[in-house]
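# Tertiary structure, described
Letter by letter, the chains look like this.
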Amino acid sequence: MQIQENISLRPYNTFGINVSARYFSVFSSADQLSELLDSRLQTLSSAKAAEGKPDSRLILGGGSNILFTRNFDGLVLKNDIKGIEELHEDEEYVYVRAGAGENWHGFVQYCINRNWAGLENLSLIPGNVGASPMQNIGAYGVEVEDLFWDLEAIHLQEKKLHTFTKTDCQFGYRDSVFKHKFKNEFAIVNVSFRLRKKPVFHTSYGAIQQELERLGVHDLSIRAISDAVINIRRSKLPDPEEIGNAGSFFKNPSVPKILYEALKIKYPNIVGYINADGSVKLAAGWMIEQCGPRDSVSWKGYRSGDAGCHAKQALVLVNYGNAMGDEIFELSEKIVKSVKEKFGVELEREVNII
Ligand SMILES: Cc1cc2nc3c(=O)[nH]c(=O)nc-3n(C[C@H](O)[C@H](O)[C@H](O)COP(=O)(O)OP(=O)(O)OC[C@H]3O[C@@H](n4cnc5c(N)ncnc54)[C@H](O)[C@@H]3O)c2cc1C
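First things first, this report covers the structure right here in the doc.

Cut-offs used in this document
Residues numbered from 1 in each chain as written. Predicted model: local features only at pLDDT ≥ 70, side-chain atom pairs only at ≥ 80, totals over all residues. Heavy atoms only, no water. Helix = DSSP H or I, 4+ residues; strand = E, 2+ residues; numbered from the N terminus. Rg over C-alpha atoms; globule rule 2.2 N^0.38 Å. Buried < 20%, exposed > 50% of the residue type's maximum accessible area, 1.4 Å probe, protein only. Contact = heavy atoms within 4.5 Å. Polar contact = N/O pair within 3.5 Å; in protein donor to acceptor, adjacent residues only side chain to side chain. Pairing = 2+ DSSP bridges. Axes fitted to C-alpha atoms, helices over the stretch in contact; angles between N-to-C directions. Salt bridge = Lys/Arg side-chain N within 4 Å of Asp/Glu carboxyl O. Disulfide = S-S within 2.5 Å.

## With respect to the overall build of the protein chain
A count of helical and extended segments in the protein chain gives eight helices and 20 strands. A compact globule built from 354 residues would reach a C-alpha radius of gyration of about 20 Å, and the protein chain, at 21 Å, matches this within 12%. Every one of the 354 residues in the protein chain was classed for burial, and the buried ones make up 48%. Counting only contacts in the protein chain whose residues sit at least 6 apart along the sequence, the fraction spanning at least 24 positions is 59%.

Listed below in structure tokens is the structure:
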């Protein structure tokens, strides 16, 4: 394992932001990570202590949920722990463990090929397995917490392995304990999932049913659902290979029903979905579309320099080439402010800002 210095992070984040890491290394096992954490103490602590700066490190997966707004003046540790293992099975379920550095979509396809059901609606989400419980990734009516069994993570200070059950993870909408109480404290090294032998299909969400009809699917299968989801995603979302982005930049905010009803009177077309607890989840993309830098101009399709708001998906902020992270962040600030002014609703960022 090598610790490199002053490495550009551009190839390591889907926004394509050109910042650098003071130190950078890749680990492919929990032992290698422990070694790096030891060597970090040797290589970094003296330098940092001499500079009077706090130590800092960042565990990086596929870089598809991060916006770098500055050079990272610490150690970036890229997780490359591979391996997929069938742990055991019972009548209904199969239990599967995947290394945190496995590509998410590759893992989903691996499971579909073996007829293990549950992850098909989450096809084509970028990034790695290790980050999937971090923000409880979700799409088309399914979230990781629905399939999650447990995970193992190394405490970055103690260097001890801990197991987290579903309850320990405190999953919420694009949320987990790793974004709050244990922020930057653990490196997730593997995640286990409980998948069904007999599928339960989720086709009511979004345009899945429509796409299945278009594809002429008569015998529903997890493969067919995955194909439909892949087609929909390809037609709707910008490919980071072509335009830098990190998917939805903002979360859909939930508001009390009474506020939703008041907004509905003023804005009859406002889009909202009732949550199980009676609150209403508002479509942030719709609200962003209704606001803009000036009265008659929408944020949707707006561009300032190389920072912009995607023309088809107002929820997605983009880097057209050489935008700096702080330009994209500033644009997000303006969007948050204008939505707050118009609707009285505060948008929260889904992307991790560094
Ligand atoms: C085009 C596009 C579409 C997207 N669509 C969706 C979608 O439909 N649904 C959805 O939920 N998300 C979506 N995303 C967001 C993103 O794909 C997910 O959040 C994904 O899980 C991020 O994985 P990553 O490996 O790239 O994480 P990174 O961006 O590398 O990291 C994200 C955060 O997790 C931390 N982290 C990463 N790995 C570990 C680890 N092993 N241990 C501890 N901490 C870790 C990082 O420090 C960082 O804070 C989309 C992104 C893009 C670019």
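Next, the rest of the story.
## Structural notes on the side chain of Glu152
Positionally, Glu152 belongs in strand S10 (residues 148–155). Of the polar contacts made by the side chain of Glu152, one reaches the side chain of Asn190; its length is 2.8 Å. Excluding anything up to four places from it in sequence, Glu152 contacts Arg97, Leu161, His162, Thr163, Ala187, Ile188, Val189 and Asn190.

## A closer look at the sheet that holds strand S6 (residues 84–89)
Here we have five strands laid out as an open sheet, ordered S6-S7-S12-S10-S11, and antiparallel in their pairing. Every interior strand has two partners, whereas the edge strands, S6 and strand S11 (161–165), have only one. Adjacent strand axes in the sheet meet at a mean angle of 20° when their direction is disregarded. Where S6 lies against strand S7 (residues 93–99), five bridges are found, and the strand directions are antiparallel. Along S7, the bridge assignment pairs Glu86 with Val96. Contacts from helix H2 (residues 104–113) reach S6, S7 and strand S12 (186–196) within the one sheet, and its direction differs from that of S12 by about 25°.

## Let's talk about H2
The buried count for H2 comes to seven of 10 residues, which makes it a mostly enclosed element. Trp104, His105, Phe107, Val108, Gln109, Cys111 and Ile112 are the residues of H2 that are buried. The opening residue of H2 is Asn103, an N-cap whose side-chain oxygen sits 3.1 Å from the backbone nitrogen of His105. Remark: Asn115 follows H2 within two positions and exhibits a positive phi of approximately 65°.

## A short note on the pattern of salt bridges
In total, this model carries 16 salt bridges according to the counting rule given. With a shortest N-O distance of 2.6 Å, Asp38 and Lys159 are connected by a salt bridge. Placement of the pair is Asp38 in helix H1 (residues 30–51) and Lys159 in the loop between S10 and S11, with a sequence separation of 121 residues. With a relative accessible area of 36%, Asp38 lands in the partly exposed category. Of the charged contacts, one joins Glu92 and Arg196 as a salt bridge, the two residues approaching to 3.6 Å between their closest N and O atoms. Residue Glu92 is located in the loop between S6 and S7, and its partner Arg196 is located in strand S12; the two are separated by 104 residues in the primary sequence. Owing to a relative accessible area of 46%, Glu92 belongs among the partly exposed residues under this scheme. A cluster of three or more residues bridged by salt bridges with shared partners is formed by Glu143, Arg174 and Glu350.

## Looking at the environment of Gly321
Looking at the secondary structure, you find Gly321 in the loop between strand S19 (316–319) and helix H8 (325–343). For Gly321, a relative accessible area of 23% gives the class partly exposed. Separated by 305 residues in sequence, Gly321 and Gly16 place their C-alpha atoms 7.6 Å apart.

## Describing the sheet that holds strand S5 (residues 72–79)
Spatially, the four strands line up as an open sheet ordered S1-S2-S5-S3, and their pairing is mixed. Each edge of the open sheet carries a strand with a single partner, namely strand S1 (4–8) and strand S3 (57–60). On average, each strand axis in the sheet is inclined to that of its neighbour by 40°, with strand direction left out of account. Looking at chain direction, strand S2 (residues 20–27) and S5 are connected through six bridges and run parallel. Residue Ala21 lies in a different strand from S5, and its bridge partner there is Phe72.

## A word on the side chain of Asn121
Relative to the elements of secondary structure, Asn121 occurs in the loop between H2 and strand S8 (138–139). On the basis of relative accessibility, which here comes to 0%, the residue Asn121 falls in the buried class. Among the polar contacts listed, one links the side chain of Asn121 to the backbone oxygen of Tyr140, at a separation of 2.9 Å. Within the local environment of Asn121, its side chain forms a polar contact with the backbone oxygen of His202, the two atoms lying 2.9 Å apart. Residues within four places of Asn121 in sequence aside, it is in contact with Ala139, Tyr140, Val142, His202, Ile208, Ile225 and Val229.

## Focus: the state of the cysteines
Here the structure, examined in full by the defined rule, presents zero disulfides. Free cysteine: Cys111, not disulfide-bonded; nearest cysteine sulfur from Cys169 at 18 Å. Given the relative accessible area of 0%, Cys111 is considered buried.

As far as function goes, none of this settles anything; it's purely spatial.
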